[in-house]
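# Structural features, examined
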Amino acid sequence: MDVKFITSAGGPSGFPIADRPEVAFAGRSNAGKSSLINTLTNRKKLARTSGTPGRTRLINFFAVGEEVYFVDLPGYGFARVPVSVRKSWMHLVETYLEIRPTLAAVVVIIDIRREPSKGDIDLLHRLKMRGIPAIPALTKSDKLSRGKAAEKRTAVTRSLLELLPLPPVVFSSKTREGRDELWGQINKLTSTDR
């Protein structure tokens, strides 16, 4: 799979030409977004991972072959940054979601060990209102037993029933669980044959 970094953008003027479907990745800071992108693309350091929440401050675009862009959005939640900076990130993400004509789906990343946050729920509401498909992914499943992970998936599905178009994918960057299932959903939503 040919994958390469295209650009980092702090606003619409920096976005690449919208000439192919895009899949954006969003989630609370430290939910495993960068690791998920790296696992999907079979790259160890495509998206930079960090133990410090809030490292992604711009919107990062990656070309996956000639067919699709992966778009890494800034994390929300517990980033230790000033409120003004967090607001500017939110405005940047809102602008992206609003104006990007080729946005095919957003992978909403939730740490399986945590309850969906207000930020997760707000994002799912916004996506539903805009008619943008959401692909929920419960990351870090290797931190729980299979039984507990299945229970958590059921609980999240029930609690967010009105907002989820389909049950969450249980995902682990460590074991690669859920990678094929997530790719299947991405391919369905980005296929030009739809």
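Read on for an overview of the structure. (Residues numbered from 1 in each chain as written. Predicted model: local features only at pLDDT ≥ 70, side-chain atom pairs only at ≥ 80, totals over all residues. Heavy atoms only, no water.)

### As for the sheet that holds strand β7 (residues 169-170)
Strand order in the open sheet made by the seven strands is β1-β3-β4-β2-β5-β6-β7, with mixed pairing throughout. Single-partner strands in this sheet number two, and they are β1 (3-9) and β7. Alignment of strand β3 (residues 59-64) against strand β4 (residues 68-72), held across five bridges, turns out to be antiparallel. The residue bridging F62 from the neighbouring strand is F70, located in β4. (Pairing = 2+ DSSP bridges. Helix = DSSP H or I, 4+ residues; strand = E, 2+ residues; numbered from the N terminus.)

### Section: the pattern of salt bridges
Within the structure shown, the criterion is met by 13 salt bridges. Between D122 and K118 there is a salt bridge, and its shortest N-O distance comes to 2.8 Å. Taken together, the residues D122 and K118, both in helix α3 (residues 118-130) and four residues apart, mark about one turn of the helix. With relative accessibility at 63%, the residue K118 sits in the exposed group. (Salt bridge = Lys/Arg side-chain N within 4 Å of Asp/Glu carboxyl O. Buried < 20%, exposed > 50% of the residue type's maximum accessible area, 1.4 Å probe, protein only.)

### Some points on the nonpolar core
Formed by 32 residues in total, the largest nonpolar core has its most connected members in Y96, V106 and V108. The set of elements that each furnish at least two residues to this core consists of β2 (22-27), β3, β4, α2 (83-99), β5 (103-111), α3, β6 (134-139) and α4 (146-159). Core analysis: the second largest hydrophobic core is formed by 24 residues, V23, F25, L36 and A47 among them. (Core = buried A, V, L, I, M, F, W, Y, C linked by side-chain atoms within 4.5 Å.)

### A word on the side chain of E22
Following the sequence through the fold, E22 ends up in strand β2. A polar side-chain atom of E22 sits 2.7 Å from a polar atom in the side chain of Y96. One polar contact links E22 to R100, side chain to side chain, over a distance of 2.8 Å. The contacts of E22, once residues within four sequence positions are left out, are F61, V68, Y69, V71, Y96, R100, T102, L103, A104 and A105. (Polar contact = N/O pair within 3.5 Å; in protein donor to acceptor, adjacent residues only side chain to side chain. Contact = heavy atoms within 4.5 Å.)

### Digging into the packing of aromatic side chains
Scanning the entire structure with this criterion turns up seven aromatic pairs. An angle of 80 degrees between the planes, with centres 6.3 Å apart, marks the rings of F61 and Y69 as edge-to-face. By the burial criterion, F61 is buried, and Y69 matches it. Plain terms: the ring middles of F61 and Y96 are 6.2 Å apart, the flat faces sit at 70 degrees to each other, and that makes the pair edge-to-face. (Phe/Tyr/Trp six-rings, centres within 6.5 Å; stacked < 30°, edge-to-face > 60°.)

### Regarding the pairing of β3
The element β3 is extensively covered by neighbouring structure, given that six of its six residues are classed as buried. Side chains I59, F61 and A63 of β3 all project onto a buried face; the interleaved residues N60, F62 and V64 project onto the opposite face, where all are buried too. Both β1 and β3 contribute to a ladder of six bridges, which runs antiparallel. Of the residues in β3, the one forming a bridge with T7 is F61.

By themselves, these figures tell us nothing about what the structure is for.
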